[in-house]
Amino acid sequence: MLYTLGEVDKQTMHKYEKESSNAGKSSFKYAWVLDERPEERARGVTIDVGMRSINLGEKKVIFLDAPGHREFVPNMISGTA
């Protein structure tokens, strides 16, 4: 969605596509927009809360990528609090 809205440019998306493909995780290219930590990218799971906010007219929209794996739920709770 961030890419579609123009918040991530084509060059950056191409970079994520190439890097994720080289890592054997080509389907993760969009996840890498918010999963920025090397460990997240290597393991293919969200470990820490990723956040990006955009303005749509008079509205501010915040995108959160929170961990869902039980091992990282404490990170999700502290990141969203």
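Residues numbered from 1 in each chain as written. Predicted model: local features only at pLDDT ≥ 70, side-chain atom pairs only at ≥ 80, totals over all residues. Heavy atoms only, no water.

Structurally, Arg52 is set in strand E1 (residues 50–56). Among the residues examined, Arg52 registers a relative accessible area of 24% and is labelled partly exposed. When the C-alpha positions of Arg52 and Ala66 are compared, they lie 12 Å apart, and in sequence the two are 14 residues distant. Setting aside residues no more than four positions away along its own chain, Arg52 makes contact with Leu2, Glu7, Val8, Val33, Leu34, Val61, Ile62 and Phe63. (Helix = DSSP H or I, 4+ residues; strand = E, 2+ residues; numbered from the N terminus. Buried < 20%, exposed > 50% of the residue type's maximum accessible area, 1.4 Å probe, protein only. Contact = heavy atoms within 4.5 Å.)

Applying the stated criterion across every chain yields a total of 1 aromatic pair. Geometrically, the ring pair formed by Tyr3 and Tyr30 is tilted, given 6.5 Å between the ring centres and 50° between the ring planes. One end of the pair, Tyr3, is in the segment before helix H1 (10–22); the other, Tyr30, is in the loop between H1 and helix H2 (38–43), and 27 residues separate them in sequence. Classification of Tyr3 by relative accessible area gives partly exposed; the value is 29%. Overall, the relative accessible area of 47% leaves Tyr30 in the partly exposed class. (Phe/Tyr/Trp six-rings, centres within 6.5 Å; stacked < 30°, edge-to-face > 60°.)

Before going further, it helps to spend a moment on a nonpolar patch on the surface. Side chains of Met1, Leu5 and Leu56 sit close together on the surface and give an oily, nonpolar patch of about 310 Å² of accessible area. Within the fold, Leu56 resides in strand E1. Looking at Leu56, the relative accessible area reads 41%, which means it is partly exposed. (Patch = residues over 30% accessible without salt bridge, like charges linked within 9 Å, V, L, I, M, F, W, Y side chains within 5 Å. Areas by Shrake-Rupley, 256 points an atom, 1.4 Å probe, with all protein chains shown as cover. Salt bridge = Lys/Arg side-chain N within 4 Å of Asp/Glu carboxyl O.)

Attention now goes to H1. Helical geometry: 3.6 residues make up each α-helical turn, so side chains three or four residues apart lie on a common side. Helix length check: H1 (13 residues) gives 18 Å between terminal C-alpha atoms against 18 Å at 1.5 Å per residue, within 8%. Here H1 has its buried residues at Met13, Tyr16 and Ser20. One side of H1 carries all its buried residues, which in axial view fall inside an arc of 60°. With respect to the buried face of H1, the exposed residues turned more than 90 degrees away are Lys10, Gln11, His14, Lys18 and Asn22. With a side-chain oxygen positioned 3.1 Å from the backbone nitrogen of Gln11, the residue opening H1 is Asp9. Following H1 by one or two positions, Gly24 adopts a phi angle in the positive range, close to 75°. (Expected span 1.5 Å × (residues − 1). Arc of directions from axis to C-beta. Polar contact = N/O pair within 3.5 Å; in protein donor to acceptor, adjacent residues only side chain to side chain.)

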